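# Residue-level structure breakdown
Take a look at the letters that make up each chain.
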Amino acid sequence: MPPVHYDQDMNGFTTDPDAWVAAGGDAWRREVLARAGRVAVFTDGDARCLAAIHPDRPEMGTVGDWVGGPEVLDEAIAWLEGEGCDAAEGPAMLAPWFPAMATLGPYDVPPMLAEPTDRGARWEGAGWKRSARYVSIAAPHEPQIAAGMDRAARLSLRGWRLESLETGPSSQITEDAWDRAVASIHAIASTAFRELPGYLSAPADVVADFYRPYRQLIDPRLTLLARDPDGVAAGFLLGLPAHAGGVASGARWFQILTLGVRPEASHSGVATWMVAAVHQAARKAGYSAGVHAMIRVESTVRDTAWYRGDLVREYASYRKTW
């Protein structure tokens, strides 16, 4: 097969993946995302970004990995327009399974693991409009544990159980255990999140491979699977330390990145039980509180324990049409 040649346009930008990697792009992410949709990268040697189009939503693309001035965004938009899109979301990478959102502050807490760090003001300055808002909240253990006590007893009597991720001899998640866990979580999330605004599918192996470099950051005590009386995985909670090294490095918080429950069990109390159980495990491990991370803020205020705590950070997603 002859080599592919990438030409620079009149503005000095190229779609050459090697040039994009040389400018700081992540080759692994690009290669994995390209297995699930159309992906193009742009760089002039300094600035860079990545654009993608999901096969189930050809009219709207995504733009992420933006470094540099707005000119590189224009390159991405021009490509999306040429591919038939009339709008884009950002910061985002192909589908909600992958990193998204920009931060709005406050910035007194250092960036947490897996947290967006792109500043929303940059996107607004480039003419993008906010489309949704999210928050992270630091929640104390006791109210979360208390809220799940009755549900834990009731569900246990019915045959439900919670289990942590399988580990190897070193208490780290093995490769095989990782793949099995992601497969279970993916199956649950695919049904639990299907009706949410903006949901798009992604193959389980793509999700597993995209996040594989972060496998060693997972604390198995902070990630749970809920199994129904038949042993079927019906709920999951994904948690990890808020900062690298966990309590051993002096970090005070853990964070709950996401959780999901199959629709048929959505009102069973399983989610509340999982949150209570992981707060209890985190307290035993030495964490002082848990961050309920990147919760979408709806138009109505929900007075539940999940939403109670101190604001850590706000975030936004953005959209641009043409």
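Figured I'd write up the structure that's included with this text.

With that out of the way, let us pick up the nonpolar core. Ranked by internal contacts, the top residues of the largest apolar core, which has 31 residues, are Leu33, Leu94, Trp97 and Phe98. When contributions to this core are tallied by element, the ones reaching two or more residues are helix H2 (27-33), strand S2 (48-53), helix H6 (175-192), helix H7 (204-211) and strand S9 (233-241). Tallying contributions element by element places H6 first for this core, with seven residues. Not counting residues within four places of it along the chain, the set of residues in contact with Phe98 comprises Leu33, Met93, Ala202, Val206, Val207, Phe210 and Tyr211. Within the second largest apolar cluster, 21 residues are counted, among which are Ala40, Trp66, Trp128 and Ala316.

Our focus in this paragraph is the packing of aromatic side chains. Taken as a whole and assessed by the stated rule, the structure comprises ten aromatic pairs. Between the aromatic rings of Phe193 and Phe236, the centroid separation amounts to 6.3 Å while the plane-to-plane angle is 70°, which identifies the pairing as edge-to-face. Pair noted here: Phe193 is in the loop between H6 and H7 and Phe236 is in strand S9, with a separation of 43 residues, a long-range link. Three or more aromatic residues joined by ring pairs form one cluster here, namely Phe98, Phe210, Tyr211 and Tyr214. We note Arg119 situated over the ring of Tyr107; from NZ or CZ to the ring centre the distance is 3.6 Å. For Arg122, the ring lying beneath its charged end belongs to Trp66, and the centroid distance is 3.7 Å.

Across the nine residues of S9, eight count as buried, placing the element largely inside the fold. Here strand S8 (residues 224-227) folds back onto S9, and the loop between the two strands holds five residues, one of which, Gly231, carries a positive phi near 85°. Of the pairings in the sheet, the one linking S9 to strand S10 (residues 253-261) comprises seven bridges and is antiparallel in character. The residue bridging Leu238 from the neighbouring strand is Thr258, located in S10.

The next thing to look at is the packing of helix H5 (residues 141-157) against helix H8 (residues 270-285). Across the interface, H5 lies against H8 with an axial gap of 7 Å and an inter-helix angle of 125°. Considering the angle they form, H5 stands oblique to H8. For the crossing formed where H5 meets H8, the hand is left-handed. Of the residues in H8, those touching H5 at His141, Glu142, Gln144, Ile145, Ala147, Gly148, Arg151, Ala152, Leu155 and Ser156 are Val270, Thr272, Trp273, Val275, Ala276, His279, Gln280, Ala282 and Arg283. Here the contact of H5 with H8 is composed, by residue class, of nine nonpolar, seven polar and three charged.

On to the side chain of His54, then. In this fold, His54 is placed in the loop between S2 and strand S3 (60-67). A distance of 2.9 Å separates a polar atom in the side chain of His54 from the backbone nitrogen of Asp56. Residue contacts for His54: discarding those within four places in its chain leaves Leu94, Ala95, Leu200 and Ser201.

Calculation notes
Residues numbered from 1 in each chain as written. Predicted model: local features only at pLDDT ≥ 70, side-chain atom pairs only at ≥ 80, totals over all residues. Heavy atoms only, no water. Core = buried A, V, L, I, M, F, W, Y, C linked by side-chain atoms within 4.5 Å. Buried < 20%, exposed > 50% of the residue type's maximum accessible area, 1.4 Å probe, protein only. Helix = DSSP H or I, 4+ residues; strand = E, 2+ residues; numbered from the N terminus. Contact = heavy atoms within 4.5 Å. Phe/Tyr/Trp six-rings, centres within 6.5 Å; stacked < 30°, edge-to-face > 60°. Lys NZ or Arg CZ within 6 Å of the ring centre and 35° of its normal. Pairing = 2+ DSSP bridges. Axes fitted to C-alpha atoms, helices over the stretch in contact; angles between N-to-C directions. Parallel < 35°, antiparallel > 145°, perpendicular 65-115°, else oblique. Left-handed = near helix turned anticlockwise from the far one by under 90°. Nonpolar A, V, L, I, M, F, W, Y, C, P; charged D, E, K, R; others polar. Polar contact = N/O pair within 3.5 Å; in protein donor to acceptor, adjacent residues only side chain to side chain.

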